[in-house]
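Close look at the chain arrangement
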Amino acid sequence: MTQLQRRLAEFAAARGWEPFHTPKNLAAALSVEAAELVEIFQWLTPEQSAKVMEKPETAHRVADEVADVLAYLLQFCEVLGVDVLDALAAKIERNELRFPVTGPPSSNCHSSE
């Protein structure tokens, strides 16, 4: 992850984009890219959405949007000094405490709040 963050920072620096890479702007860009990922699935049935990677044209779009989301998230974390893997590990630990296993898996939706 660190190597990817460095490449993204070097890419932005080479183009003089650092002044625009504020937490606010990166959070907004991350939101836009996440919305573009959602757009691919917007009107699909659950069955159709499960098969998007079977079609090269939609598989390519999904992969591109996933990459855009991750790129902006990594840049956001770099600017704010958040270690994304440490943050994720801490969140998983908190969720394990919040949602202990009490029986067989539930069919309810899960939340990462």
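Structure: above.
The following paragraphs examine the structure supplied in this document. (Residues numbered from 1 in each chain as written. Predicted model: local features only at pLDDT ≥ 70, side-chain atom pairs only at ≥ 80, totals over all residues. Heavy atoms only, no water.)

1. Quick notes on the overall build of the protein
A tally of regular secondary structure across the protein gives five helices and zero strands. If you list the helices and strands of the protein from N to C, you get α-α-α-α-α. Taking 2.2 N^0.38 as the reference for a compact globule, 113 residues should give roughly 13 Å; the C-alpha atoms of the protein span a radius of gyration of 17 Å, well beyond that estimate. Each principal axis of the C-alpha atoms in the protein carries an extent, and together these give about 50 × 40 × 25 Å. Considering the protein as a whole, with its 113 residues, one finds that 18% of them fall into the buried category. In the protein, of all internal contacts separated by at least 6 residues, the share reaching a separation of at least 24 is 59%. (Helix = DSSP H or I, 4+ residues; strand = E, 2+ residues; numbered from the N terminus. Rg over C-alpha atoms; globule rule 2.2 N^0.38 Å. Buried < 20%, exposed > 50% of the residue type's maximum accessible area, 1.4 Å probe, protein only. Contact = heavy atoms within 4.5 Å.)

2. Examining the environment of Leu26
Mapped onto the elements of the fold, Leu26 is located in helix α2 (residues 23–41). Given the relative accessible area of 2%, Leu26 is considered buried. Sequence separation between Leu26 and Arg98 is 72 residues; the distance between their C-alpha atoms is 30 Å. Apart from the residues lying within four places of it in its own chain, the contact partners of Leu26 are His21, Tyr72, Gln75, Phe76 and Val79.

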